[in-house]
Amino acid sequence: MRKLIWIAFFLLSTRTILGQSPMHHQIGSITGKVYESSLEKPIEYANIILFNQTDSSQVSGTISTSDGTFTLKNIKAGRYYLEIRFMGYKIKNLNSIELTPTDMNVDMGLIPLEPTILTLEGLEVEGEKPAFTYEIDKKVINVDRMQTAASGTAVEVLENIPSVSVDIEGNVSLRGSSNFMLLIDGRPTILDANDALQQLPASTIDNIEIITNPSAKYDPEGTAGIINVILKKSSNWGTTGLLNMNAGMNDKYGTDLLLEKRYDRSKWIVGAYYSKHNYFGEGRSENHTTLNDITSFIASDGESNRGRNFYGLRFGYDYDFTPKNLLSISARLGKGSFGGNSDLNYDEWTSVNPLRSNYVSDEEQERSMNFMMANMNYIHKFATKGHEFNTNIQFHRRSGDETSLNELYGPGNELINGIETTEGGPSHSLRSRIDYTLPLGEDTRFEAGYQGDIRNSLEDAGFSEYDPDLGTYVSEEKYNHEADYYRNVQAIYTTYTGNLGKLGYQAGLRGEYTYRTMELVDENQQFTIDRWDYFPSTHFSYHFNDARQLMASYSRRIDRPRDYYLEPFITWSDAYNVRIGNPALKPEYIDSYELGYQTYFGSNLISTEVYYRKTNNKVERIRSVYDENVTLHSVENVGKDYSLGTEILFNFNLFKIWGINLIGNIYDYRIEGVLYDRPFSRSSFNWSNRLNNSLKLTRNTQIQLNGRYNSKRVTSQGESSDFITLDLALRQDFFDKQLTATLQIRDVLGTAKREFTSSGPDFYTYDYREGESPVVMLNLRYNINHYKPERKDQNGQGQDDMGEEDEF
């Protein structure tokens, strides 16, 4: 059956490709390229309308492509004028265009469009790249405008952008879900999403793209959508680069360097970074567990130190064999560690013995990793514009070890209990992709492709307990395990894109075959999944005029369980917590609907999006009692959850020097299912907002003040509290912006605190955390030979982008 499906797909694609006959132009054409005047960036989806010069009747029309170019075909000899429109830009009129029998092909060259800026009498408005831009399928965030994150990581940038929220501990969620697909330069990473975001310096990032409802062309992995991080590259010839250095209080510092050499037909990129940031905090917790009608109580408080230490290299090489054949090779490798220590005071008592016992806990954790990612991309362009073949292959490898040591000391400072756990092992993946694009006309396009993803990982888990008689740690064989994971996902997709006047549409379908095994080597057990899944998508857009548009979309997605969610054996975290996986865990399936509207008033943008998301087989982390004073953490498919909400963005300028971005997300969340063989239903009304203020005091001096608030939210067993923070940054440019200094102060008021409660029939947990505040950092950036970020099309030409654009 599988072979028949592949053969049918191949024959259909071949017939479609070979069935196209060359187009012979008996009459003329008009071509050109539309771009933004201030940024020199191509404009996609600009409306190009051709009128007869004599009677102003419409003759033809089209839209610009991803690189800003357009072609009007089958134009008779005569005199015409062009009208070019795009939302948020001034209408451009080009007159006196003439086609004659001796010159039937006219090239209009580069056509700049100017933003519709609200001018004030007597004031000079200087063009500046906006913080947010909305494209037809995604939001694009300009990282250089996020001054309060200049010395931080990608996580600090995401704190201030639409659709994304970050909790006090730096965990990222997209539209309220922590399950999303992370791409770096359009390519998946083998690292956990939060790990990868924590080790990427903000200063190395050009843009971040948020795609909440991807089409069938994209990998459907991830509940909430895709976050794509685009790293910096230059558009200047010769040698250019950027050097960043940052330092702060309490052992925080880092640096990164990017160098690029561009020739006529090739380009080299070399980059390196180093970052060491430690954060201090304090907290307290309380835990109640009931077993055999006896309730045990534990209360703790103390201080902790958490940090990350990373360094890495980046390499890239692009070569144009011909204007129609392009090859790109890139690689990233790095090494780093997360970890820290905590000193906690414990009180322990029970319902039958209220006399309290006192302990001191000394805990150390370290998670180290080495990773390598290599990528090769080849693009062949056919004679017809937009007719393209794109293939990509990626190899990822990672190895790492995690060690946790937890020791309890009595009143006399004697060691009374100690637990040491270890986890580690290598993992690697091989991904391949083939994309084929066939234009069927000016406004229609057929796309088809194949994607493969093969992953394998090994993990060894060890456990040792302190023996006071021997005075040493002794391995416990019953808690030592070895697991072997293998996953093979093969996918084919097709999309069809077109326009009917002002209405754009796209329909797509993706089929995925998944074969997954998890083998417990030491117990000779194996768990297998062998299945097909299907993922449809639809997208629509309607342009009312150059300042208003309406968009609607639907997609089906999947979130497969992480490897360690499947481990069916006990792993000790510390003396009071153990975890166990669930090999019967099913993947989550998500139905996502969106409706969006954007409008401009002068230079001011208002964007509104309404979304509804339903998750089947909802996966939740569940707590229960394992033993006296010991909590068991497991994962279960508890039922379904529902999110219905709206996201609003106001981007406006009160004065020439004062720009404001106000972002609000309001949604109703409900989760229902079965826990402990009992039905349950919980809901919360959630909201968050972010207010970003930018004050441009002089041409070279800028202040940014950002505030954000997240309301409380519920899970199947618990509730997290709300929190509010305020960040401040001062930026000063020197020597015509060749040198930039940014002073950054995070959590100015010290209000970033976290509280979490969780309860069940036989347990109650309360946890409070307060991080270091304020965090003060100084960042210096030096521009080498007038480095200028590259701005080209979305097909990988000079931008090393996804090569997976979702356009129509």
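Just above sits the structure.
Numbering of residues starts from 1 in each chain and follows the order in which that chain's sequence is written. Totals for whole chains, interfaces and linings use every residue, but because this is a predicted model, local features are given only for residues with pLDDT of at least 70 and side-chain atom pairs only at 80 or more, for both listing and counting. With hydrogens and water excluded, all non-hydrogen atoms of the structure serve as input to the side-chain values.

Enquirer: What am I meant to see in the overall build of the protein chain here?
Expert: The secondary structure listing takes helices from DSSP runs of H or I that are at least 4 residues long and strands from runs of E that are at least 2 residues long, numbered from the N terminus. Per the secondary structure count, the protein chain includes three helices and 45 strands. Within the protein chain, buried positions represent 53% of all 808 residues. Intrachain contacts of the protein chain at a sequence separation of at least 6 include 66% that bridge at least 24 residues. Surface accessibility follows the Shrake-Rupley procedure with a 1.4 Å probe radius. Residue values consider only the protein chains on display as shielding. About 35800 Å² of surface is accessible on the protein chain, with carbon and sulfur atoms providing 55% of the total. For every residue, the accessible area (1.4 Å probe, protein chains only) is compared with the maximum for its type, and the residue is labelled buried under 20%, exposed over 50%, or partly exposed between those bounds. We call two residues in contact when some of their heavy atoms are within 4.5 Å.

Enquirer: What exactly am I supposed to notice about the pattern of salt bridges here?
Expert: Think of a salt bridge as a Lys or Arg side-chain nitrogen and an Asp or Glu carboxyl oxygen that are within 4 Å of each other. Overall, the coordinates contain 23 salt bridges when judged by the stated rule. Among the salt bridges present, the one from Arg579 reaches Glu423, with a minimum N-O distance of 2.8 Å. Separated by 156 residues along the polypeptide, Arg579 in strand β32 (residues 577-579) and Glu423 in strand β24 (residues 415-439) bring together distant segments of the chain. The exposure class assigned to Arg579 is partly exposed, which follows from its relative accessible area of 23%. In this structure Glu423 comes out as buried when scored by relative accessible area, which is 16%. Ionic pairing is found between Arg579 and Glu567, a salt bridge with its closest N-O pair at 3.9 Å. On the criterion of sequence distance, the pair formed by Arg579 in strand β32 and Glu567 in the loop between β30 (548-559) and β31 (571-574) is long-range, its members being twelve residues apart. In this structure Glu567 comes out as buried when scored by relative accessible area, which is 2%. Ionic contacts of the salt-bridge type, sharing partners, join the residues Asp219, Arg431, Asp453, Arg455 and Arg487 into one network.

Enquirer: Sorry, what's going on with the pairing of strand β42 (residues 739-746) here?
Expert: Every regular strand shows the same layout, with side chains that alternate between the two sheet faces. Relative to β42, strand β41 (residues 723-734) is paired through seven bridges, and the arrangement is antiparallel. When the bridges of β42 are listed, Asp733 appears paired with Thr740. Connecting the antiparallel pair β41 and β42 is a turn made up of four residues, with Phe735 showing a positive phi of about 55 degrees. When DSSP finds two or more bridges between two strands, those strands count as paired. Judged from the eight bridges that link them, β42 and strand β45 (residues 775-784) form a sheet pairing that is antiparallel. By the bridge assignment, Ala741 is partnered in β45 with Leu780.

Enquirer: What is the right way to look at a negative patch on the surface in this model?
Expert: A patch is a set of surface residues, each over 30% in relative accessible area and not in a salt bridge, joined within 9 Å for like charges and within 5 Å for the nonpolar side chains Val, Leu, Ile, Met, Phe, Trp and Tyr. Here the positive residues are Lys and Arg and the negative ones are Asp and Glu; neither His nor the chain ends is included. The atoms used to mark charge sites are NZ of Lys, CZ of Arg, CG of Asp and CD of Glu. On the surface, a cluster of negative charge is contributed by Glu282, Glu303, Asp343 and Glu364. Turning to its location among the elements, Asp343 is positioned in strand β21 (residues 325-350).

Enquirer: What's the story with the packing of aromatic side chains in this structure? I'm lost.
Expert: The geometry of an aromatic ring pair comes down to the distance between the two centres and the angle between the two planes. Any two rings among Phe, Tyr and Trp, with Trp reduced to its six-membered ring, count as a pair given centres within 6.5 Å; such a pair is stacked if its planes are under 30 degrees apart, edge-to-face if over 60, and tilted if neither. Applying the stated rule across the entire model yields 24 aromatic pairs. Relative to Tyr317, the ring of Trp268 has its centre 4.4 Å away and its plane inclined at 45 degrees; by these criteria the two rings are tilted. With a gap of 49 residues between them, Trp268 in strand β19 (residues 266-291) and Tyr317 in strand β20 (residues 294-322) connect regions that are remote in the sequence. Given a relative accessible area of 36%, Trp268 falls into the partly exposed group. Where Tyr319 meets Phe321, the ring centres are 4.9 Å apart and the plane angle is 80 degrees; that geometry is what we call edge-to-face. Note on Phe321: relative accessible area 42%, which makes it partly exposed. Through pairs of rings, three or more aromatic residues link up here, namely Trp268, Phe315, Tyr317, Tyr319 and Phe321. Ring-over charges, as used throughout, are those where CZ of Arg or NZ of Lys falls within 6 Å of the ring centre and within 35 degrees of the ring normal. Directly above the ring of Tyr768 sits Arg284, whose terminal nitrogen or CZ lies 4.2 Å from the centroid.

Enquirer: What should I look at first to understand the side chain of Gln451 in this one?
Expert: Along the chain, the position of Gln451 falls in strand β25 (residues 445-467). With a relative accessible area of 8%, Gln451 lands in the buried category. Polar contacts here mean pairs of N or O atoms no more than 3.5 Å apart (in protein, one a potential hydrogen donor and the other a potential acceptor; neighbouring residues in sequence count only if both atoms are side-chain atoms). Within the local environment of Gln451, its side chain forms a polar contact with the side chain of Arg510, the two groups lying 2.7 Å apart.

Enquirer: Is there a simple way to think about the environment of Thr422 in this case?
Expert: Among the structural elements, Thr422 can be located in strand β24. Its relative accessible area of 35% is what places Thr422 among the partly exposed residues. Taking the C-alpha atoms as reference points, Thr422 and Ala461, 39 residues apart in sequence, are found 5.7 Å from one another. Not counting residues up to four positions away in its chain, the partners in contact with Thr422 are Glu402, Thr403, Asp460, Ala461 and Gly462.

Enquirer: How should I be thinking about unusual backbone geometry in this particular structure?
Expert: Most peptide bonds are trans, and most residues other than glycine sit at a negative phi. A cis geometry characterises the amide bond from Ser773 onward to Pro774, with omega recorded as -10 degrees. Summarising the element assignment, Pro774 is placed in the loop between β44 (763-771) and β45. The phi torsion at Asp251 lies on the positive side, around 65 degrees, for a residue other than glycine. Topologically, Asp251 is positioned in the loop between β17 (238-248) and β18 (252-262). The residue Asp293 is not glycine, and still its phi comes out positive at about 65 degrees. Within the secondary structure, Asp293 sits in the loop between β19 and β20.

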